[in-house]
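Listed below, chain by chain, are the residues.
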Amino acid sequence: MARDVEGDSGRAESVSARSPEFVAALMGAVRGEVKAGASLARHSTYRIGGSATIFTPASAADLSAGVQAASAAGIPLFVVGLGSNVLFPDAGLDALVVRMGKGLDAVRHEADRWWLGAGLPAPHAARKTAQQGWAGLHMMVGVPGTVGGGVFMNAGCHGGQWADVVEQVTVVNAQGAARTLSKGEIPFSYRRSGLDGAIVVEVEVRLREGNREELDREVERLFEWRQRGTPFNQPCCGSVFKNPEGPAPAGWNRPWTAGSVIEEAGLKGTAEGAVIVSPMHANYFVNTGGATAAEVRALIARARETVRERIGVVLETEVKVIGRFGEYVTIR
Ligand SMILES: Cc1cc2nc3c(=O)[nH]c(=O)nc-3n(C[C@H](O)[C@H](O)[C@H](O)COP(=O)(O)OP(=O)(O)OC[C@H]3O[C@@H](n4cnc5c(N)ncnc54)[C@H](O)[C@@H]3O)c2cc1C
């Protein structure tokens, strides 16, 4: 494969997972699904994104084989779960998209220890553990990602987060080698695991014994709350920004959250093209139909700047804005 260097990123322009030679080589090396020219919009809750080669491994061994094939060809990777926290580019990706789903979604448990495949949807993990009388993941019923995406993002809600229950995480590195990390080796912080560059394959969590009926009721209550309080069923990525750090300024008499701050800056209902700051919850930006990544990026930049001017706080994005080679893009 030719290796023309792109601008200042130093990346080879023509190294692409879209190349027919690479797609054929990958298909020969792995089991699972390899789809060339697949729509990323179908793999993002924003329903936004161009096309890419998407590989859904059939097993952990196939994941490693696919990662090795990409590494040997000099092709970067981008791992996606349920795409509930990513904004893909309109032009699609030249990185190989590794989709964690069926084949990597097994569940087993012994007493309070549960082993969860990274491709398992977190709401399934929440319901399944609660139904069997185990507490600690039940609050994730309204976080529409995978187990792997949840751990990578250290997702959380209602006072719980993945870091509270994780014991061990098995990861595959960029060369396809597997390794198990104990919780002490993972630098979890607010909406961050520090697992950059690693693919989460399986997670061991330790849960608390609880009352089955009470947990079931709690799961339903939290799920209803989600549906009532957020534009849950509309195309969006959940919270666009992380909550601001530090104490609220003197005289601030509302929750010191990104949603309140954006609302206070008068941004509810503000639109860029077909994307709008939700009138229901200001930290949710909703694709009202046919929105582009460029429009979402413009709205993020506008909201960030308006909040800085009017409230004096600089918000940091929670959504991962993805560049053409799978890199994270910072919006200023
Ligand atoms: C309606 C709605 C409500 C939401 N509510 C919440 C909430 O209450 N709390 C909260 O924290 N989040 C919330 N989110 C955001 C999102 O659901 C979480 O961040 C979720 O954990 C992302 O999981 P995912 O599988 O969709 O990850 P993706 O969006 O697919 O990916 C997110 C990031 O994780 C990485 N990643 C995904 N899987 C893996 C893996 N196996 N190994 C390594 N890296 C991986 C990706 O590369 C990317 O950088 C919400 C989103 C929506 C749409």
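This is a predicted model, so every value here is computed, not measured. (Residues numbered from 1 in each chain as written. Predicted model: local features only at pLDDT ≥ 70, side-chain atom pairs only at ≥ 80, totals over all residues. Heavy atoms only, no water.)

## Some remarks on the sheet that holds strand S18 (residues 275-277)
The condition is simple: In this scheme, strands are said to pair when DSSP sees at least two bridges between them. Only runs of H or I of at least four residues qualify as helices and only runs of E of at least two qualify as strands under DSSP, and these elements are numbered from the N terminus.
A sheet is described by the order of its strands in space; here three strands give the open sequence S17-S18-S19, paired in antiparallel fashion. Edge strands, defined here as strands with exactly one partner in the open sheet, are strand S17 (271-272) and strand S19 (285-287). Where S17 lies against S18, two bridges are found, and the strand directions are antiparallel. Bridge pairing links Glu272 to Val275 in S18.

## Describing the site of the ligand
This is how it is decided: In this text, near means that some heavy atom of the residue lies within 4 Å of the molecule or strand in question. Whenever a nitrogen or oxygen atom comes within 3.5 Å of another N or O atom, the pair is scored as a polar contact, on the condition that within protein one atom can donate a hydrogen and the other can accept it, and that pairs from neighbouring residues in sequence are kept only if both atoms are in side chains.
In the neighbourhood of the ligand, 37 residues make up the surrounding shell, with Val79, Ser84, Thr146, Arg226 and Tyr328 lying closest. Here an oxygen atom of the ligand and a side-chain polar atom of Ser84 are 2.6 Å apart. For the ligand, an oxygen atom lies 2.6 Å from a polar atom in the side chain of Tyr328. For the shell around the ligand, the elements supplying multiple residues, two or more each, are strand S5 (77-80), helix H4 (147-153), strand S11 (156-157) and strand S15 (199-206).

## Structural notes on the packing of aromatic side chains
To keep things clear, this is the line we draw: Two aromatic rings from Phe, Tyr or Trp, using only the six-membered ring of Trp, form a pair when their centres are within 6.5 Å; if the ring planes differ by under 30 degrees the pair is stacked, by over 60 it is edge-to-face, and anything between is tilted. Three labels apply to residues, based on accessible area from a 1.4 Å probe with only protein chains included: buried if under 20% of the type maximum, exposed if over 50%, partly exposed otherwise in between. Definition used: whenever NZ (Lys) or CZ (Arg) falls within 6 Å of the ring centre and also within 35 degrees of the ring normal, the charge is taken to sit over that ring.
For the coordinates displayed, the defined rule picks out four aromatic pairs. A ring pair is formed by Phe78 and Phe88, whose centres lie 5.8 Å apart and whose planes are at 85°; its orientation type is edge-to-face. Of this pair, Phe78 sits in strand S5 while Phe88 sits in the loop between strand S6 (86-87) and strand S7 (96-99), and the two are 10 residues apart along the sequence. The class for Phe78 is buried, based on a relative accessible area of 5%. Between the NZ or CZ atom of Arg108 and the centre of the ring of Trp115, over which it lies, the distance is 4.5 Å. In this structure, Arg127 is placed above the aromatic ring of Phe223, and the distance from its NZ or CZ to the ring centre is 5.2 Å.

## Here we look at the packing of helix H3 (residues 122-131) against helix H5 (residues 212-229)
Formally: With axes taken as lines fitted to C-alpha atoms, and helix axes fitted only over the stretch in contact, angles between N-to-C directions fall between 0 and 180 degrees. Convention used here: angles under 35 degrees read as roughly parallel, angles over 145 as roughly antiparallel, angles from 65 to 115 as roughly perpendicular, and any remaining angle as oblique. Residue contacts are defined here by distance: any two heavy atoms, one from each residue, within 4.5 Å place the two residues in contact. Put simply, Ala, Val, Leu, Ile, Met, Phe, Trp, Tyr, Cys and Pro go in the nonpolar bin, Asp, Glu, Lys and Arg in the charged bin, and everything else, Gly too, in the polar bin.
Direction vectors running N to C along H3 and H5 enclose 155°, while the axes themselves pass 8 Å from each other. In terms of orientation, H3 and H5 fall into the roughly antiparallel class. Between H3, through Arg127, Ala130 and Gln131, and H5, the contact on the second element is made entirely by Arg212, Leu215, Asp216, Val219, Glu220 and Phe223. Grouping the amino acids of the contact of H3 with H5 by side-chain chemistry returns four nonpolar, one polar and four charged.

## A short note on the packing of helix H1 (residues 20-29) against helix H2 (residues 60-73)
Formally: Rotating anticlockwise by less than a right angle from the far helix to the near helix defines a left-handed crossing, while the corresponding clockwise rotation defines a right-handed one.
Relative orientation of the contacting elements H1 and H2 amounts to 150°, with a least axis distance of 9 Å. Taken as axis vectors, H1 and H2 run roughly antiparallel relative to one another. Regarding H1 and H2, the two cross each other, and that crossing is right-handed. Across the interface between the two elements, Phe22, Leu26 and Ala29 of H1 pack against Ala65, Gly66, Ala69, Ala70 and Ala73 of H2. Split by residue class, the contact of H1 with H2 holds seven nonpolar, one polar and no charged.

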